[in-house]
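Residue-level listing of the chains:
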Amino acid sequence: MCGIVGYLGKDNAKEIVLNGLKRLEYRGYDSAGMSLFDESSHKFVNFKEKGRIKILEESLTLDHSSMGIGHTRWATHGRVNRENAHPHTSEDGRFTIVHNGVIDNHNKLKKLYFENHTFKSETDTEVICELIALYAQKMPSTDAIRKVLKMLHGSYALLVIDHDDPNTLYAAKFKSPLLIGKSDNGMVIGSDMMALVGTADNYLALDDETFLRVTKNNFTLYDLDGEVLPYQMSPLDIDDFSSEKGEFDHYMLKEIHEQPAVLRRIISKYFNDTTIHIDDEIINTIKSHDRIHILAAGTSMHAGLIGKGLLESFSNIPTEVHIASEFAYQQPLLGEKPFFILISQSGETADLRACLVNLKKAQHKVLTITNVRTSTLAREADFALELHAGPEIAVASTKAYTAQIAVLSILAYALSNQSFDLKRELSETAQAMEHFLDKYEVMEKFAKDYLQKPNCFYIGRGSDYYVGLEAALKLKEISYIQTEGFAAGELKHGTIALIEEGTPVIAIISNDKTAENTRSNLSEVKSRGAKTLTITFESLKENGDEIVLDNINPSLSPLLTVIPTQLIAYYAALHRGHDIDKPRNLAKSVTVE
Ligand code: M6R
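Note that the structure is a prediction, hence the values are computed from the model and not measured.

Engineer: Is there a simple way to think about helix α14 (residues 422-437) in this case?
Structural biologist: Helical geometry: 3.6 residues make up each α-helical turn, so side chains three or four residues apart lie on a common side. When the terminal C-alpha atoms of α14 are compared, their 22 Å separation across 16 residues agrees well with the 22 Å that a helix rising 1.5 Å per residue should span. Three or more residues of α14 are buried, namely L422, E425, L426, T429, A430, A432, M433, F436 and L437. Seen along its axis, α14 keeps its buried residues to an arc of 165°; they face one direction.

Shown next as structure tokens:
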């Protein structure tokens, strides 16, 4: 969702902030803005526009600046328009701010402090700016900002400019992520590591309720009472190349094609020869519990469903999967010794954070599996395992999903007494992925010829059903075709009523025990006019099957069966002319509940 970038230093703030905002585009936004210091007039100038960053870029009249802040807004309070876009400047013109998060008590604060004031925007942010300006009339700006921070209920990542001091930038964080990066040339602040890439050599991910005073070559970290806090920065080692599109037309296509490499990277990170490289403390702690609860949202929840199967079949530990937004407020009855696994590509999903707060209060042990090691969920859980998938830019998650399944399979294996060679099986899966990725024409043709109807169905049994849920989510989120994943046996209990001439139905068949049953369900829909497509394996193929994958270890089949479905979604969206990497209404990182 919203993104923040700020820069102060010897380099051109305009370029750095603009490039940073572009790198955050993938998170989803509907308007963008910047405030830049104009050295000739010695004043800050605000630029903001509704729509894409390109429009903002065209409106910028300054070529160079030593300091600037920028923001991409994903509307929560107030319409999508120029007035509501950030930055916001106080009525007296002294303070300018950008804000990520939600201020729950903004109406109350407006009533209490500004009864007769007309706000320029409908946002929950503007009141923060006015409050800082109000208190700064009576005290130094650092004290004024800290005082206001203590009055806010909700979440914030905040950058504040005091126009009276253009050599200093202030920043603060509570619940919404914020990182500061440092190089010899200056200081960069961003809400996402991607905003720091290429500008900073070292970074620090801020903790909640911390406050920064930043100058061109240094910064001081404080708590909200003004006490100076110690910190240690870490090297920033995401390479620049990995966040570029390269030869591909879309990030989604690039990320689909990266999956074999991601799988190999996971193997290299988690295996030492054939021994698994996961901290003993994690394994022993899980083993001392009697039930695992996986919490996640969207695609990550679908990976969790596959993970349940792996954990139960490899290691015999009963495992349940919960939708995070449900678990946060409808916590089911838990057994004696529950252990929790949070799965989140971004590590910032607000629904999961709400769960984590409750779990920590109840002193439960929590492991986060995430792609972002500096993320809130990784830092706040007892343990973390990294996905090593590299930056995932497309909103539609692909390589993070397969990485989640791979890491869960390694964890399940580490908890088990299994003796097969998982490392080899995963390598063979990477090879099979690679082999299949060359054969995209079938999916392209199916998407073009058959996905003309407003709806579509995926059917399967067991893990194929779970892959069907993920496949349906992928297709609906980027092609806007109403798609459902069904347990194949359930179809005839109601949903088959929707099948008519030309309805596309895609079957996933990876299990020899249920293959025949799913094929019967496929015949049932075919005889009612459905256009069908079968995704299966060499060992199970029958005449006429359209997509036949190389045989791999059946427990790992979801890693492979999902790939044709990702490509079907990609080509369906392509033929419909949609914005594949930034589908409508969606954000990459869902930081509001
Ligand atoms: O960052 P997370 O894995 O916690 O995100 C959860 C969902 O928002 C996410 O998986 C979403 O469903 C995907 N963008 C779908 O492709």
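Engineer: Explain the side chain of N553 to me, please; I cannot follow it from the model alone.
Structural biologist: Within the secondary structure, N553 is located in the loop between β26 (547-549) and α18 (557-575). For N553, a relative accessible area of 15% gives the class buried. Only 2.9 Å separates the side chain of N553 from the backbone nitrogen of S555, close enough to count as a polar contact. Not counting residues up to four positions away in its chain, the partners in contact with N553 are F420 and E425.

Engineer: Help me understand the pairing of strand β9 (residues 179-182) in this model?
Structural biologist: Across a regular strand the side chains alternate sides, sitting on one face of the sheet and then on the other. Where β9 meets strand β10 (residues 186-190), four bridges bridge the pair, whose relative direction is antiparallel. Bridge pairing links I180 to I189 in β10. Bridge count between β9 and strand β11 (residues 202-205): four bridges; the pairing is antiparallel. From the neighbouring strand, G181 faces β11, where its bridge partner is Y203.

Engineer: Before we go on, may I ask you to explain the domain arrangement of the chain in this structure?
Structural biologist: Where interface size is quoted, it is often the accessible area lost as the parts come together. Examined at the domain level, the chain breaks down into domain 1 (3-242), domain 2 (248-435) and domain 3 (439-581). Each of domain 1 and domain 3 has a C-alpha centre, and these two points are 45 Å apart.

Engineer: I would appreciate a short explanation of the packing of aromatic side chains in the present structure.
Structural biologist: The description of two aromatic rings rests on the distance between their centres and on the angle between their planes. The full count for this structure, using the stated rule, is 16 aromatic pairs. Between Y113 and F114, the aromatic rings sit 6.5 Å apart at their centres with planes inclined by 50°, giving tilted as the arrangement. Since its relative accessible area comes to 34%, Y113 is described here as partly exposed. Here Y570 and Y571 contribute two aromatic rings whose centre-to-centre distance is 5.1 Å and whose plane-to-plane angle is 85°, an arrangement assigned as edge-to-face. Feature note: the residues Y113, F114, F119 and Y135 constitute an aromatic cluster, connected by ring pairs. Looking at R584, its charged tip hangs above the ring of Y480, at a distance of 3.8 Å from the centre.

Engineer: Just checking my understanding: could you explain the nonpolar core for this structure?
Structural biologist: It is characteristic of soluble globular proteins that their nonpolar side chains tend to be buried jointly. Formed by 119 residues in total, the largest nonpolar core has its most connected members in I341 and L367. Every residue in contact with L367, bar those within four places of it in the chain, is listed here: I282, I286, F339, F340, I341, L342, A381, F383, A384, L385 and L411. The next biggest cluster of nonpolar side chains, apart from the first, holds 29 residues, and it includes F95, L149, Y156 and Y222.

Engineer: Just to check I follow, could you spell out helix α11 (residues 350-361) for this structure?
Structural biologist: End to end, α11 covers 17 Å across twelve residues, agreeing with the expected 16 Å (1.5 Å per residue, within 8%). Summarising the contacts, the buried residues of α11 are in contact with β17 (291-296), α10 (324-327), β19 (338-344), β20 (366-370) and α12 (376-380). After α11 finishes, the residue Q363 shows a positive phi value of roughly 60°.

Engineer: Where do I start with the environment of N284 in this structure?
Structural biologist: On the secondary structure map, N284 appears in helix α8 (residues 280-287). With 178 residues separating them in the primary sequence, N284 and G462 have C-alpha atoms 29 Å apart.

Engineer: Got a minute to help me understand the pattern of salt bridges in this structure?
Structural biologist: Once the charged atoms of two side chains with opposite charge are near each other, the side chains can pair. Following the criterion strictly, the structure yields 33 salt bridges and no others. Across the salt bridge formed by E434 and R264, the nearest N and O atoms sit 3.0 Å from each other. Residue E434 is located in helix α14, and its partner R264 is located in helix α7 (residues 259-270); the two are separated by 170 residues in the primary sequence. Taking relative accessible area as the criterion, E434 reaches 36% and is therefore assigned partly exposed. On the accessibility criterion, R264 (33% relative accessible area) is partly exposed. Between R519 and E542 there is a salt bridge whose closest N-O contact spans 3.4 Å. Placement of the pair is R519 in helix α17 (residues 515-526) and E542 in the loop between β25 (531-537) and β26, with a sequence separation of 23 residues. Taking relative accessible area as the criterion, R519 reaches 13% and is therefore assigned buried. Judged by relative accessible area, which is 46%, E542 ranks as partly exposed. Via salt bridges that share partners, K173, D208, R353 and E380 belong to a single interconnected network.

Each value, and the rule that gives it
Residues numbered from 1 in each chain as written. Predicted model: local features only at pLDDT ≥ 70, side-chain atom pairs only at ≥ 80, totals over all residues. Heavy atoms only, no water. Helix = DSSP H or I, 4+ residues; strand = E, 2+ residues; numbered from the N terminus. Expected span 1.5 Å × (residues − 1). Buried < 20%, exposed > 50% of the residue type's maximum accessible area, 1.4 Å probe, protein only. Arc of directions from axis to C-beta. Polar contact = N/O pair within 3.5 Å; in protein donor to acceptor, adjacent residues only side chain to side chain. Contact = heavy atoms within 4.5 Å. Pairing = 2+ DSSP bridges. Domains from an automatic or database assignment. Phe/Tyr/Trp six-rings, centres within 6.5 Å; stacked < 30°, edge-to-face > 60°. Lys NZ or Arg CZ within 6 Å of the ring centre and 35° of its normal. Core = buried A, V, L, I, M, F, W, Y, C linked by side-chain atoms within 4.5 Å. Salt bridge = Lys/Arg side-chain N within 4 Å of Asp/Glu carboxyl O.

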